[in-house]
There are 2 protein chains.
Amino acid sequence: MTDVSRECQSELDCLRKGIDAIDQQIVELLSKRQQQVNQVVALKKAHNLQVYHPAREEDLISARRQQAREAGLCPDFIEELYRIIIHRSRVVQSGQMAVKGVKPGATVLIVGGTGEMGRYFVDWFQRAGYGVRSMGSRDWENISALCDGIDLAIISVTIDKTPEIIERIGPYLPPDAVLADVTSIKKKPLAAMLAAHSGPVIGLHPLFGPTTSTLDKQIVVATPGRDDAACRWVTDQFATWGSIIVTATAEEHDQIMEFVQALRHFATFSFGQFLAAKNVPLARTLEFSSPIYRLELGMVGRLFAQDAGLYAEIIFATPERRALLKEYIASLARNLDMLETGDRSVFEAEFKKIAAWFGPFGEQAIRESSFLIDKLIERF
Amino acid sequence: MTDVSRECQSELDCLRKGIDAIDQQIVELLSKRQQQVNQVVALKKAHNLQVYHPAREEDLISARRQQAREAGLCPDFIEELYRIIIHRSRVVQSGQMAVKGVKPGATVLIVGGTGEMGRYFVDWFQRAGYGVRSMGSRDWENISALCDGIDLAIISVTIDKTPEIIERIGPYLPPDAVLADVTSIKKKPLAAMLAAHSGPVIGLHPLFGPTTSTLDKQIVVATPGRDDAACRWVTDQFATWGSIIVTATAEEHDQIMEFVQALRHFATFSFGQFLAAKNVPLARTLEFSSPIYRLELGMVGRLFAQDAGLYAEIIFATPERRALLKEYIASLARNLDMLETGDRSVFEAEFKKIAAWFGPFGEQAIRESSFLIDKLIERF
């Protein structure tokens, strides 16, 4: 070894020792952090608070991104690290919260328990240690026995049958049992439940299907009906499974869902419909496709791999929804002129107006979808 | 607020402040770490040493896993973090070391090098060690000097200007220089290049934008024009950056792109347009949103965070495209009847027909998107 390289080697060793010392401090701090998080969990548990706070997590990420920027570090790199740290601390937290049902010994009746969604809930409640009874359309002769002593009845049948089933089961429910439904509209079912039952009532809309393997961060919209306090254990149970409970009036829920479900699914349906009508060479377009196109086409393909009846139900649920979809078609047709004349300036002006309306969400969407594209590339 | 909850809240705030302070220290240490790594790189560069030391990295991971175990942290969690930290520091290191191009010593002229996409290519070719000249609209007086001795000219200007610029620059090109364009249509530019230049010609369509941080697995469609062998190094260069080269005729390319780009972007545009027109409470819908909705809305938001002109260019590129979009609008309007009458059976029949057309792609899409949804849940 020459003197120069020996000198270089010792310098390198010295720098590496410095890096090792830094790494040791980082892991020490992560350990301290975990202890603090454990204290937060204990506190939340003692006061019956929700584990997951999306806003708090986003604030934390933003603060660290800002610090990274100021320190000349790549903010995306720091965000990636903190997403893992936060995810980890959430896993630890949920592990420490009770896995047992929040109301031990309670009995749950799933009406429509033989359907796909019904079976899904039967499974979840059973695994949480509840007494679970499942009721199908042939079990009406045993209705008294099935309802006897239950603490919760969940109506999990198709939208069109929901009001009728609620009316029919109402008289058999114990007066203090919670009556809940899980359909994707809330105004009508909630009204039907309040009319049929004098005890606690709550409308639920789980925003996930029976193929979802974890309830972690899955959303359940809760529309309170009567006696919130008595219904509390039901939403707590979903929160314990990791779900996020969003509370809304039935009116607000139905209005928002017109967009979140009906419009979105109809738009996707129409897009797939046109691709099929034009007999687009799907496989070849995928060869020509950026990951983002693959992702977008996947969203379309995904819809058509699911149940036609389910989507019919969502799209045709109410006359208001159908009116909205007709408005959507009319809105598209207003672009015909621009396409006819080929006037880009009209398009660009409209585009900028919409971009302003979307505001900062656009940037955030770029960040999120870029992350997913990377994952897609990594994996496929 | 009761006293109990107030007390709990202040305790919670205090713990959170503690966590924030720890996080700040962690990021500070990561910044210090980066500085040390930079010194290592400088030293290695000066002494011509290899950047990547697998053994050193594994030692480092082992030491941190050991420390984690002793501190009661999950070793896998710490390893996951350190893989990212190490990966990042390798990215920074290789960025600082030179990455040679496939044709060392070659000179590249980026026409439109002051535009966003142009600057992007200037950057990539420069980092690969090429001599890079950038030409904007004010540089026509120096055109002879700019073209002198170049090996490749890449036309990166808007679609409408492309044929004119090609025609104008043709006479100045060395006869054996490769002439390429990167616009998103290929028939017209390719014809213009073949007419303007007698040497090697190739049309390129990179299916990514200037915000893409890696070319890994990104697709570049190549439409051969003249003298494939002489053009080869250009596609090889993209392949070296990790891009996938898909070869097609200009005709096929343009036809496929009508669907992959024009139709898709127009559908997304129209969807966002309607959300804005209805002034949908975006933030509130996100609270009500399943991860898949977040993903889909993200695709819409993403579009509007990008350049209006770029999308105008894609959508209005050719009269054929505009005709296709008008067909699409007409196709949607044919669903009006079904919405008017509320006839689900029509919808379900149509749905099943389309599902059959999609075939196995639907199942595959479910698999891929479920994977992404898991990633999305983990991360956001």
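Shown above is the structure to which this text applies.
Let me begin by describing the structure that accompanies this report.

A word on helix α9 (residues 250–277) of chain A. All names here are of chain A. Given a rise of 1.5 Å per residue, 28 residues ought to cover 40 Å, and the 38 Å separating the end C-alpha atoms of α9 matches this to within 8%. The largest bend along α9 measures about 40 degrees and falls at Met 257. Of the residues trailing α9, Asn 279 is marked for its positive phi of about 50 degrees.

Our focus in this paragraph is empty space enclosed by the protein. Throughout the structure, instances matching the rule amount to eight cavities of 30 Å³ or more. Counting residues per element, the ones that place at least two in the lining of the largest cavity are α9 and α11 (291–304) of chain A together with α9 (250–277) and α11 (291–304) of chain B. Its residues assigned to classes, the lining of the largest cavity comprises 13 nonpolar, two polar and four charged.

Enumeration over the complete set of coordinates arrives at 48 aromatic pairs over all chains. Residues B:Trp124 and B:Trp241 carry aromatic rings whose centres are separated by 5.4 Å and whose planes lie at 65 degrees to one another, so their mutual orientation is edge-to-face. Separated by 117 residues along the polypeptide, B:Trp124 in helix α4 (residues 116–127) and B:Trp241 in the loop between α8 (228–240) and β7 (244–247) bring together distant segments of the chain. In this pair, the class of B:Trp124 matches that of B:Trp241, namely buried. Geometrically, the ring pair formed by B:Phe238 and B:Trp241 is edge-to-face, given 5.4 Å between the ring centres and 90 degrees between the ring planes. Both residues of the pair, B:Phe238 and B:Trp241, count as buried. In this structure, A:Arg168 is placed above the aromatic ring of A:Trp140, and the distance from its NZ or CZ to the ring centre is 3.9 Å.

Residues and elements named next belong to chain A. The pairing of strand β5 (residues 201–206) with strand β6 (residues 219–226) spans six bridges and is classified as antiparallel. Counted as the bridge partner of His 205 is Val 221 from β6. Remark: the β6/helix α8 (residues 228–240)/strand β7 (residues 244–247) crossover connection has right-handed handedness.

Counting residues in hydrophobic clusters, the biggest one holds 91 residues, and the most contacted among them are A:Phe266, A:Tyr328, B:Phe266 and B:Tyr328. The residues touching B:Tyr328, leaving out its near neighbours within four places in the chain, are A:Ser270, A:Phe271, A:Phe274, A:Tyr328, A:Leu332, B:Leu263, B:Phe266 and B:Ala267. If you look at the next biggest cluster of nonpolar residues, it comprises 32 residues, including A:Ile22, A:Ile85, B:Val27 and B:Leu73.

Attention now goes to the pattern of salt bridges. By the definition in use, this model includes 27 salt bridges over all chains. Here A:Arg232 and A:Asp236 are joined by a salt bridge, their closest N and O atoms 2.9 Å apart. In this pair, A:Arg232 and A:Asp236 are both assigned in helix α8, four residues apart and thus about one turn of the helix distant. Across the pair B:Glu79 and B:Arg83 runs a salt bridge, and its minimum N-O distance is 2.9 Å. Residue B:Glu79 and its partner B:Arg83 are both found in helix α3 (residues 75–96); the two are separated by four residues, about one turn of the helix. A network of salt bridges, in which partner residues are shared, links A:Glu58, A:Arg65, A:Asp76, A:Glu79 and A:Arg83.

Each value, and the rule that gives it
Residues numbered from 1 in each chain as written. Chains lettered and ligands numbered in written order. Predicted model: local features only at pLDDT ≥ 70, side-chain atom pairs only at ≥ 80, totals over all residues. Heavy atoms only, no water. Helix = DSSP H or I, 4+ residues; strand = E, 2+ residues; numbered from the N terminus. Expected span 1.5 Å × (residues − 1). Bend = angle between axes of the 7 residues up to and from the residue. 1 Å grid on protein atoms, 1.4 Å probe; cavity = no way out; pocket = protein on both sides within 12 Å on 5 of 7 lines; lining within 4 Å. Points joined across faces, edges and corners; volume = space filled by probe spheres on them. Nonpolar A, V, L, I, M, F, W, Y, C, P; charged D, E, K, R; others polar. Phe/Tyr/Trp six-rings, centres within 6.5 Å; stacked < 30°, edge-to-face > 60°. Buried < 20%, exposed > 50% of the residue type's maximum accessible area, 1.4 Å probe, protein only. Lys NZ or Arg CZ within 6 Å of the ring centre and 35° of its normal. Pairing = 2+ DSSP bridges. Right-handed = clockwise from strand over helix to strand, strands pointing away. Core = buried A, V, L, I, M, F, W, Y, C linked by side-chain atoms within 4.5 Å. Contact = heavy atoms within 4.5 Å. Salt bridge = Lys/Arg side-chain N within 4 Å of Asp/Glu carboxyl O.

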